[in-house]
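Breakdown of the fold
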Amino acid sequence: MLARSHRLASSAAVAAAVHHINPKTIQDLNRVEHQITSLCQKPNSPEDCRKAFSLFERSLDMGVVPSGPISDVLLQTLVKNKEYDMAFNIYKKMICHGASPRYLSLSALAKCLVHHSQPQLALGAIGLMLKHGYSINLYVANIVLNGLCCNGFAVEGEVFLGQMDRNSVNPDIISFNTLIKGLCRERRLNGAMSVKKRMEAAKIAPNLITYNILMDAHFVEGRVDEAMLLLQEMKMKGLEPDAFFYNTLINGFVSKEDVDRAKEVMDEMLGKGISPNRVTYTCLMRGLCRKGNLKEVKQLFNEMIRSGIRADVVMFTSMIGGIFQSGRAEKAIELFNFMLDKREDPTSTTYNILIDGLCKAGLFNDAFRILNMMVEKDKNPDMVTYNIVLKGLCDLGEVDVAMKLFDSMVSNKIGVEPDSWTLSALVEGLCREGRFGKAEKVIHEMVEQNKSIDAVPYTVLIGAYLKVRNVKKALNLWKELLQLGLILDSRAYGALLNGLCTCNCINIAKGIFYKMRTSGPSPTSLEYNMLMAALCRESSLEQARALFTDMLSSSCKPDVVSYNIMIDSTIRAGDVEHANELLVAMQQRGLRPDALTFSILINRFSKLGLMLEAKSLFERMKESGYPPHTCVYDSLLKGFKAEGSTEEIINLLQKLVAEGVVLDDKLTSTILECICDMPEGHDVAKLLPSFTQENLESNSIPCDELLARLQNILPMLQSSDPQPI
């Protein structure tokens, strides 16, 4: 509970004010206060809230402000009933009439500001509470923390969590889960994992919700192996997955196109006696639809019906979207017709997914047929619908038609005004055709007409200018963007940084990055990695190291990509010892080497002649479940060739065949070079492995063709018969 500071001076001032009020006015005020109290005490309807609000205003018309307790009760009632505008107006009028804010009024103010997506101003309300001698209530603090995290201010939320500690408010599991979710939503997974450690240090054990949030975020970031480690950790702590958690796992594997593992999770779920629900079936069938396994979808659908679960519009819509992703538009239409036969009424989302899929497939006649059906069914096309059609036109090169649709939207002929997404799609289409001037003109016209746009259209145009290396134009647009006062998010900064780094304007990119760090949105690992990679490319390794060190001490911790960049550059500079230290540090932070990490190390060690280390890493790579790319085999073969290890070359070629690796042009050339350098006395034709035709792609070469080419070079092969294919 809150400790209040009762101020005698304020009470005396109120008593003095009451002494000078006409007795009749006091009676009227008492009656009004009684009515307000009565309205607030009973179950409140919107009409009750409006009556209480009117009574409060009537008292102000009489020249007096209702007492603090009555104002508090009214504010709390309005906030509880989500009448935030009324509550905010009452608070402003109280302050304008000289009332001193009390705790309940300030907590109501904080909730109103959070509701109006102004969480940073809500921090001001918290500051006023402290200024007036009140302690912060955990419930209110969590509301403000949630407001920060839901509005893109998770980093500020992390700072606020620290302030809670310093003001004797002990964060609870809700506080930590709220912050972890906010950081994950902003793609700050490493920061979220740090908060989990902080949570555990505070003796608060992560629960199923914590692990569910983190598992989902790991799947989003493609860090599936780390997600599985989290699952193991969770089970070791005695937490057993429920249906909701299993659904997160299934959805995660489906999002990564790993439907087989999603099915395994469902089997495990059934084995533990947990019945799949509609969400489970929806996720799994969407994944199967994406893969085009429609026969299996039908079996699963029938199994679901037998278990008593009815397909709803959400399920059908999800499956239709999945089928479009598999490139089978005609099957998506069949499923839509089946849905209509089952008397499921399509939603606007269903129609939009259909129109989007048909536009992407180039089936505009069918798309417009669905659009007409949508109108006939009284589902008026919305902003999303028109944006889909406009983008579809741009993607098919029909930019002039898209321009006409855009003009119709601007003139409000179709009842829908363009938004920033519409403008961005059109700008992207115009830039794709090289019509940069027209794209810039369209943006300026929207600004001049005071249309509501954000930084995204500018970001698209800036990125397009940088793609054609027109840095001057891009920077002028960035300056214009700043002058307009539009909110710049990490995507805007990221697009500019990426383009500047690509154009080798590293000094300008550094200036933009440090501006972002001091007065913009906090840089994410993406921005750090862009700049570090660019610095490494221009051999500014020390500057890259300084940036990496800065990252370690910031709220945005290095990810696997960050370590890969630094490891590669460090080995390239010849500092193998420090590269190994980085690899160890990476693993100590709970980051597992990925396929690129192994490929980088094998490549660099092979070039340095450290073949024992390269060979060991090759085995570790396979043990970790990463199939080596052709470039890995290429690096190893060149390394063994450089040290004259014929037996190692032959052994590696045998492994290459056993793994079914496809020979590309580069690897084929390396194999030829290795064989050409083999010493006399080797029956190369018999040693050379046989590749099966079914494993080969159009840019690869069958073994018999490889031997035919070799016979023109090496006399030792002239008498040898080609190996069977």
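Up top is the structure.
To keep things clear, this report deals only with the structure shown in the data block.

What to know about the overall build of the chain
If you tally the helices and strands in the chain, you get 40 helices and zero strands. Looking at the chain as a whole, 48% of its 725 residues are labelled buried. Across the chain, contacts joining residues at least 24 apart in sequence account for 61% of those joining residues at least 6 apart. Carbon and sulfur atoms make up 52% of the accessible area of the chain, which totals about 35,300 Å².

Section: the packing of aromatic side chains
Throughout the structure, instances matching the rule amount to 13 aromatic pairs. Centre to centre, the rings of phenylalanine 301 and phenylalanine 338 are 6.1 Å apart; their planes meet at 75°, and the pair counts as edge-to-face. Separated by 37 residues along the polypeptide, phenylalanine 301 in helix α17 (residues 294-306) and phenylalanine 338 in helix α19 (residues 329-341) bring together distant segments of the chain. A network of ring pairs unites the aromatic residues Phe301, Phe316 and Phe338 as a single cluster.

Some thoughts on the pattern of salt bridges
A side chain with one charge can pair with a side chain of the opposite charge if their charged atoms come near. Applying the stated rule across the entire model yields 36 salt bridges. For glutamate 296, the salt bridge is made with lysine 263, and the minimal N-O distance between the two is 2.6 Å. Note that glutamate 296 is positioned in helix α17 and lysine 263 in helix α15 (residues 259-271), a separation of 33 residues in sequence. Accessibility expressed as a relative area gives 26% for glutamate 296, which makes it partly exposed. Taken together, the shared-partner salt bridges in this structure form one network comprising Lys196, Glu200, Glu233 and Lys237.

Considerations on the packing of helix α35 (residues 611-623) against helix α37 (residues 646-658)
Their axes nearest at 14 Å, the elements α35 and α37 cross at an angle of 10°. The angle between α35 and α37 falls in the class roughly parallel. In this structure, α35 contributes Lys615, Phe618, Glu619 and Lys622 to the contact, and α37 contributes Glu648, Leu652 and Lys655. For the contact of α35 with α37, the residue count by class is two nonpolar, no polar and five charged.

Focus: helix α33 (residues 576-588)
Taking 1.5 Å of rise per residue, the 13 residues of α33 would be expected to cover 18 Å, and the 19 Å separating its terminal C-alpha atoms lies within 8% of that figure. Burial in α33 covers these residues: Val576, Ala579, Leu582, Leu583 and Met586. End-on view of α33: buried residues confined to an arc of 115°, all on one side of the axis. Facing away from the buried side of α33 by over 90 degrees, the exposed positions are Glu577 and Gln588. Each element contacted by the buried residues of α33 is listed here: α31 (541-553), α32 (560-572) and α34 (595-607). Directly after α33, the chain includes glycine 590, whose backbone phi takes a positive value near 85°.

Reading the values: rules and limits
- Residues numbered from 1 in each chain as written.
- Predicted model: local features only at pLDDT ≥ 70, side-chain atom pairs only at ≥ 80, totals over all residues.
- Heavy atoms only, no water.
- Helix = DSSP H or I, 4+ residues; strand = E, 2+ residues; numbered from the N terminus.
- Buried < 20%, exposed > 50% of the residue type's maximum accessible area, 1.4 Å probe, protein only.
- Contact = heavy atoms within 4.5 Å.
- Areas by Shrake-Rupley, 256 points an atom, 1.4 Å probe, with all protein chains shown as cover.
- Phe/Tyr/Trp six-rings, centres within 6.5 Å; stacked < 30°, edge-to-face > 60°.
- Salt bridge = Lys/Arg side-chain N within 4 Å of Asp/Glu carboxyl O.
- Axes fitted to C-alpha atoms, helices over the stretch in contact; angles between N-to-C directions.
- Parallel < 35°, antiparallel > 145°, perpendicular 65-115°, else oblique.
- Nonpolar A, V, L, I, M, F, W, Y, C, P; charged D, E, K, R; others polar.
- Expected span 1.5 Å × (residues − 1).
- Arc of directions from axis to C-beta.

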